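Single-letter residue listing:
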Amino acid sequence: MAERRIRLSNVTGKIAARLLYLYMRFVWFTSRMTVVNADLRNGEIANPSGGIIGAWHGRLMLSLVEGLHGMRPAIIASKSRDGQFALDIIAPFGLSAIRGSSKRNGKDKGGTEALQGAIDWLNADPEAYIAITPDGPRGPRGRCKHGIATIAATAQKWVIPLGYSTSFGIEFKSWDRFLIPLPFGHYAIVWGDPVRPPAKVTSASIEAYRLEIQSGMQAAQARADEITKRKVPFEAAPA
């Protein structure tokens, strides 16, 4: 029975993922798009050898349009059932995943493994990109954790802040104010200035880098919400 439920869950997940893909294509083709600093999307950045794309968790669904446009960053996903569902969601968009380990002896070792996996992924391919939501999976909203800074500094890759917004969508009252885009709205994508990693990896440099990334991401998000006349879902503060 357990195996049957898992198989049914997998099939349901793949169907849901396909429907989401078709829905996002419909949103993409019916929305008016404004893209700020589009040359960054096309790889024409100061450091063209790959990097990290940073977007906030609450705008995760809006970021799927990058897959429709041709960007192919990898994302970090656990080996749990939730991680598999995330992989099912991104697969139709041509995205791939860096998998962390599942729980062992009651302790989740996925975070450390996934962090190292992201560094290895970037080091293995000089043109590779990964996408990270640094305030996920539980917040606080609009605040970077240290993971994105640690990965970027260790791999010596730039972080490119992204802001996403839409004038027409459903915003949930969840911790991240998760936003689902609706068709026929004004869709804004803002590519912020790439943030250079520190030359030396120390606790002080990682903290300073984290705050710099956070500031850049907040600015990109604020600009996207300004374009669509939507309220920014967090206060722009460095803490």
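Refer to the structure above for everything that follows.
This report concerns the structure included in the present document. Computed from a prediction, not measured in an experiment: that's the story for all the values here.

### A few points about the packing of aromatic side chains
Here is step 1: Taken as a whole and assessed by the stated rule, the structure comprises three aromatic pairs.
Here is step 2: Measuring from ring centre to ring centre gives 5.1 Å for Tyr21 and Phe93, while their planes differ by 75°; the resulting arrangement is edge-to-face. Of this pair, Tyr21 sits in helix 1 (residues 2-30) while Phe93 sits in the loop between helix 4 (81-90) and strand 4 (96-99), and the two are 72 residues apart along the sequence. Here Tyr21 matches Phe93 in class, with each residue buried.

### Regarding the pattern of salt bridges
Here is step 1: Tallied over the full model, the rule gives five salt bridges.
Here is step 2: Between Arg59 and Asp225 there is a salt bridge whose closest N-O contact spans 3.0 Å. Placement of the pair is Arg59 in the loop between strand 2 (51-54) and helix 3 (65-69) and Asp225 in helix 7 (residues 203-228), with a sequence separation of 166 residues. The two residues Arg59 and Asp225 agree in class, both being buried.
Here is step 3: A salt bridge links Arg230 to Glu171, with the shortest nitrogen-to-oxygen separation between them at 3.4 Å.

### Thoughts on the nonpolar core
Here is step 1: Grouped together as the largest cluster of nonpolar side chains are 30 residues, with contacts concentrated most on Met24 and Trp191.
Here is step 2: Broken down by element, this core gets its largest block of residues, six residues, from helix 1.
Here is step 3: Excluding residues that lie within four positions of it along the chain, Met24 makes contacts with Met61, Leu64, Val65, Leu68, Phe93, Pro181 and Tyr187.
Here is step 4: Ile52, Leu122, Ala153 and Tyr209 belong to the second largest nonpolar core, which has 23 residues in total.

### A short note on helix 7
Every α-helix winds through 3.6 residues per turn, so residues three or four apart in the chain are directed the same way.
Here is step 1: The end-to-end C-alpha separation of helix 7 is 38 Å, in line with the 38 Å expected for 26 residues at 1.5 Å each.
Here is step 2: Positive phi appears at Lys229, one or two residues downstream of helix 7, with a value of about 60°.

### Re a nonpolar patch on the surface
Here is step 1: Residues Val11, Ile15, Leu19 and Leu22 make up a contiguous nonpolar surface patch of about 370 Å² in total accessible area.
Here is step 2: In this structure, Leu22 sits in helix 1.

### Some words on the sheet that holds strand 4
Here is step 1: Taken in spatial order, the seven strands line up as 1-11-8-2-7-3-4 in an open sheet, and their pairing is mixed. Strands with a single pairing partner mark the edges of an open sheet, and in this sheet they are strand 1 (32-36) and strand 4. The mean inter-strand angle of the sheet, taken between neighbouring strand axes irrespective of direction, is 25°.
Here is step 2: Sheet topology note: the strand 8 (residues 159-166)/strand 11 (residues 186-191) ladder contains five bridges and is antiparallel. Following the sheet pairing, Ser165 is matched in strand 11 by Ala188.
Here is step 3: Sheet strands touched by helix 6 (residues 147-155): strand 2, strand 3 (74-77), strand 7 (129-132) and strand 8. Its angle to strand 2, the strand with the most contacts, is close to 165°.
Here is step 4: Taken strand by strand, helix 7 contacts strand 1, strand 2, strand 8 and strand 11, and its axis lies near 25° from that of strand 8.

### Topic: unusual backbone geometry
Here is step 1: For the peptide bond that leads from Gly136 to Pro137, omega is 0°, which places it in the cis range.
Here is step 2: Counting through the fold element by element, Pro137 comes out in the loop between strand 7 and helix 6.
Here is step 3: The amide bond that connects Gly139 to the next residue, Pro140, takes the cis arrangement and shows omega of 5°.
Here is step 4: With respect to the helices and strands, the residue Pro140 is situated in the loop between strand 7 and helix 6.
Here is step 5: Not every positive phi belongs to a glycine, and Arg177 is a case in point at roughly 55°.
Here is step 6: Its place among the elements puts Arg177 in the loop between strand 9 (169-171) and strand 10 (179-181).
Here is step 7: Judged by its relative accessible area of 28%, Arg177 is partly exposed.
Here is step 8: The backbone of Lys229 sits at a positive phi, close to 60°, despite the residue not being glycine.
Here is step 9: Counting through the fold element by element, Lys229 comes out in the segment after helix 7.
Here is step 10: By relative accessible area, Lys229 is classed as exposed at 76%.

Reading guide: rules and limits
- Residues numbered from 1 in each chain as written.
- Predicted model: local features only at pLDDT ≥ 70, side-chain atom pairs only at ≥ 80, totals over all residues.
- Heavy atoms only, no water.
- Phe/Tyr/Trp six-rings, centres within 6.5 Å; stacked < 30°, edge-to-face > 60°.
- Helix = DSSP H or I, 4+ residues; strand = E, 2+ residues; numbered from the N terminus.
- Buried < 20%, exposed > 50% of the residue type's maximum accessible area, 1.4 Å probe, protein only.
- Salt bridge = Lys/Arg side-chain N within 4 Å of Asp/Glu carboxyl O.
- Core = buried A, V, L, I, M, F, W, Y, C linked by side-chain atoms within 4.5 Å.
- Contact = heavy atoms within 4.5 Å.
- Expected span 1.5 Å × (residues − 1).
- Patch = residues over 30% accessible without salt bridge, like charges linked within 9 Å, V, L, I, M, F, W, Y side chains within 5 Å.
- Areas by Shrake-Rupley, 256 points an atom, 1.4 Å probe, with all protein chains shown as cover.
- Pairing = 2+ DSSP bridges.
- Axes fitted to C-alpha atoms, helices over the stretch in contact; angles between N-to-C directions.

Bear in mind that shape data such as this cannot, by itself, settle questions of function.
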